[in-house]
Amino acid sequence: MMKQEISMQGFDVLDSAPVGMCVIDRDYKVIFWNSCLEDWTGINREDIIGTDLRERFPHLKDPKYHIRIDSIFEGGPPTIFSSQLHKQLFSSKLPNGEPMIQHTIITAVPAQDEDDFNALFAVQDVTELTHLVMESKRAERALAKLNEEITEKNKELETVIHVTSHDLRSPLVNVQGFSKELCYTMEELASILNDVEIPQDVWENLSPIFEEDIPDTLEFIQASVSKMDTLLTGLLRLSRLGRAALNFEDLDMNAMLSDIKKSFEFRVKEAGMSVVTGDLPPCIGDAVQINQVFSNLVDNALKYRDPEKHGIIKITGERKGGEVVYCVEDNGLGIPEKNQKDIFIIFRRLDPKSTEGEGLGLSIVSKILSRNNGGIRVESTEGEGSKFFVSLPFVRDKNKRGENSE
Amino acid sequence: MQPTDKQIDALRELINIGVGHGADVLNTMLNSHIQLQVPYIKVLSPDELQREMETNTENRLASVKLGFKGDTSGTAELIFPAESASKLITAFTGDEGDDLNLDSIRAGTLNEVGNIVLNTVVGSISNILKFNLKYSVPSYVEGDSTNLLPPEIGSDTVILLARTRFLIEELKIEGDVALFFELSSFDMLLEAVESIIVCEGVNTI
């Protein structure tokens with residue numbers, strides 16, 4: 001009953017607005033108080049209209065509020081009270097009892113006396129938005145911290161690899177040297193024994209030791225030393241890669257692949273294969289390292305060719321958004337599906353007996369591409385061949401690229 | 001109409017008065033000591049402003065806009081390089097920003113700070129020159145120098161650019177207050193300024 005008697009001076013249309021709205025005159029007397037504010041503050045309009053807003057919200061007497069609100073009564077520009085600096089202008093609680101966070105804009109609206117202005121408060125509930133932003137910030141911070149930790153761990157790991165592979169080398173050189181020495185000593189001993197008369201029954205016992213057991217054992221030692229030396233060399237290469245300074249530049253990939261083709265010319269002819277390249281878009285990267293990537297992929301295509309077929313290596317590239325995707329395709333042996341996920345892992349070799357190598361090539365390729373803001377993936381069918389897709393950042397300024405390449 | 005040196009002096013003083021009031025409000029509000037200075041003002045064409053922005057600031061900018069209409073019309077903007085905007089908010093709130101893209105909460109804070117400075121600058125111009133103005137709701141925009149200019153800007157737009165320095169304890173953050181006027185509105189502004197100079201003298205504004 002009371003509600004109908006209260007004059008809201010034509011602001012009734014704002015009553016059901018989904019934001020808190022109120023209007024006060026220059027004496028801070030409340031003229032309008034909408035349903036939203038009734039719900040939020042728990043103050044009914046019957047109780048507040050006609051009263052001084054500062055009685056309910058005494059903080060508005062503080063100069064930091066009233067200086068700015070007062071300018072509205074002179075027809076001044078809208079005034080903002082943001083959520084981060086003020087939390088809430090009108091003390092309100094959410095249904096769960098949590099304080100509401102508000103963003104308020106106050107604008108001047110003409111008063112009934114046309115030379116005067118009233119202040120219209122539009123209060124927005126930004127609690128949920130604030131929580132979402134905070135949550136996303138927390139997640140971002142946690143992610144950044146995790147990334148930092150991973151980078152730090154990677155650095156540590158590289159240092160460990162570098163130091164251990166370097167330090168393991170000295171005892172290995174000793175094993176290699178002394179096992180050779182042992183070989184010479186054995187030869188010397190054999191020659192001494194040749195000049196000495198040994199009873200037949202004793203010689204029958206000694207002969208397999210001198211002629212088979214010891215030489216075979218020494219051969220195993222030397223083969224293992226050589227294998228370990230290859231692995232340590234590979235590890236050192238990999239750890240140096242992580243520390244190498246990069247020089248990013250615009251790369252003319254047509255020129256680079258033409259050089260790579262020349263360097264493989266002899267082996268390609270020898271293998272009776274052919275290499276076909278399309279028009280390759282430019283990209284950004286470190287010239288030496290990217291050359292290593294494509295050289296490695298061509299080398300692999302040569303190594304794992306199918307001797308039953310005329311081998312073809314096809315290199316193409318196309319721009320996709322902000323990056324260029326190159327494809328190095330061969331019609332070689334292909335990679336069994338179950339092994340495809342392992343090929344970029346260090347020291348994984350699919351067929352260690354049939355080809356030489358330390359099982360580092362593709363892990364180096366993958367590491368280089370990651371340091372050059374790129375990536376690699378493979379599609380392969382056993383018996384048909386493989387496609388390696390290399391992505392790298394695209395050179396945005398085509399004109400500049402053209403000038404450089406000409 | 002090109003402003004005379006006296007008119008430029010008077011405009012600088014008008015902006016200085018507004019910026020000074022802005023500093024008072026910020027000090028009252030934040031309980032800290034903030035000084036605002038205007039080392040210089042310039043009158044520029046849109047092309048000149050673009051060059052000025054590209055030379056003096058990084059690509060990413062944050063801006064608060066306030067449109068006004070009436071005896072003179074235009075848009076007032078407070079423009080910061082994104083990094084300065086982020087530092088400024090951190091200085092006011094103590095909340096560390098993670099990157100240059102302001103989230104909506106930090107953008108709201110910058111909107112309020114910009115609102116205070118622009119209101120006092122535009123308010124002092126309208127009070128002293130006795131302009132009757134109506135205002136739009138302030139808005140926050142982020143982007144490079146090309147998308148910060150008001151969309152209605154034409155080749156005959158005149159821009160009054162006031163370099164504004166926020167001194168908060170040991171921190172020195174610079175932004176620009178830019179006032180965009182159509183030529184006819186700018187001429188009206190100059191006429192009003194001229195009448196003040198004639199009536200009262202620059203120093204007594």
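Residues numbered from 1 in each chain as written. Chains lettered and ligands numbered in written order. Predicted model: local features only at pLDDT ≥ 70, side-chain atom pairs only at ≥ 80, totals over all residues. Heavy atoms only, no water.

### Side note on helix H8 (residues 200-243) of chain A
Residue and element names in this part refer to chain A. Our working rule: Think of it this way: any DSSP run of H or I at least four residues long counts as a helix, any run of E at least two long counts as a strand, and we number them from the N terminus. Here, expected helix span is obtained from the residue count minus one, scaled by 1.5 Å. The bend at a residue is defined as the angle formed between two axes, one fitted to the seven residues ending at that residue and one fitted to the seven starting there. Classification of residues uses two cut-offs on accessible area relative to the type maximum, computed with a 1.4 Å probe and protein chains only: under 20% is buried, over 50% is exposed, and between them is partly exposed. Any two residues having at least one pair of non-hydrogen atoms within 4.5 Å are treated as being in contact.
Over its 44 residues, H8 runs 64 Å from end to end, which matches the ideal 64 Å to within 8%, given 1.5 Å per residue. The largest bend in H8 comes to about 35°, at Leu206, with the proline Pro208 one to four residues further on. Listing the buried residues of H8 in full gives Ser207, Phe210, Leu218, Val225, Leu232, Gly234, Leu235, Leu236, Leu238, Ser239, Leu241 and Gly242. Structurally, H8 contributes buried residues whose contacts are with helix H7 (127-194), helix H11 (287-303) and helix H12 (361-371).

### Side note on the interface of chain B and chain A
Note the cut-off: Once two parts are joined, some of their accessible surface, as seen by a 1.4 Å probe, is lost; buried area is that loss totalled over both. Here, a salt bridge means any Lys or Arg side-chain nitrogen found within 4 Å of an Asp or Glu carboxyl oxygen. In the analysis that follows, any N or O atom pair within 3.5 Å is treated as a polar contact, provided that within protein one partner can donate a hydrogen and the other can accept it, and provided that, for residues neighboring in sequence, both atoms belong to side chains.
The interface of chain B with chain A comprises 28 residues on the first partner and 25 residues on the second. Between chain B and chain A, the buried area comes to about 2,200 Å², and carbon and sulfur atoms account for 62% of it. One can count 1 salt bridge joining chain B with chain A. Note that B:Glu112 and A:Arg68 form a salt bridge whose closest N and O atoms lie 2.7 Å from each other. Applying the counting rule to chain B against chain A returns 8 residue pairs in polar contact (both at pLDDT 80 or more). Looking at the side of chain B that touches chain A element by element, the count peaks at 10 residues for helix H4 (residues 104-128) of chain B.

### Focus: the sheet that holds strand E1 (residues 20-24) of chain A
Residue and element names in this part refer to chain A. Stated precisely, the cut-off is as follows: By this definition, two strands are paired if DSSP reports at least two bridges between them. Only the stretch in contact is used when fitting a helix axis, every axis being a line fitted to C-alpha atoms; angles between N-to-C directions are given from 0 to 180 degrees.
Spatial strand order, E2-E1-E5-E4-E3: 5 strands in an open sheet with antiparallel pairing. The sheet terminates laterally at strand E2 (30-33) and strand E3 (79-81), the two strands that pair on one side only. Each adjacent strand pair in this sheet contributes to an overall mean axis angle of 20°, direction not counted. As paired elements, E1 and E2 share 3 bridges and run antiparallel to each other. Residue pairing in the sheet places Cys22 in a bridge with Trp33 of E2. Contacts from helix H5 (residues 63-72) reach E1, E3, strand E4 (102-110) and strand E5 (117-125) within the one sheet, and its direction differs from that of E3 by about 150°.

### Section: the pairing of strand E9 (residues 312-320) of chain A
Residues and elements named next belong to chain A. Relative to E9, strand E7 (residues 274-277) is paired through 4 bridges, and the arrangement is parallel. Each residue of the ladder has a partner; that of Val275, found in E9, is Ile313. Strand direction decides the pairing type here: E9 and strand E10 (residues 323-330), joined by 8 bridges, are antiparallel. Note that in E10 the partner of Lys314 across the bridge is Glu329.

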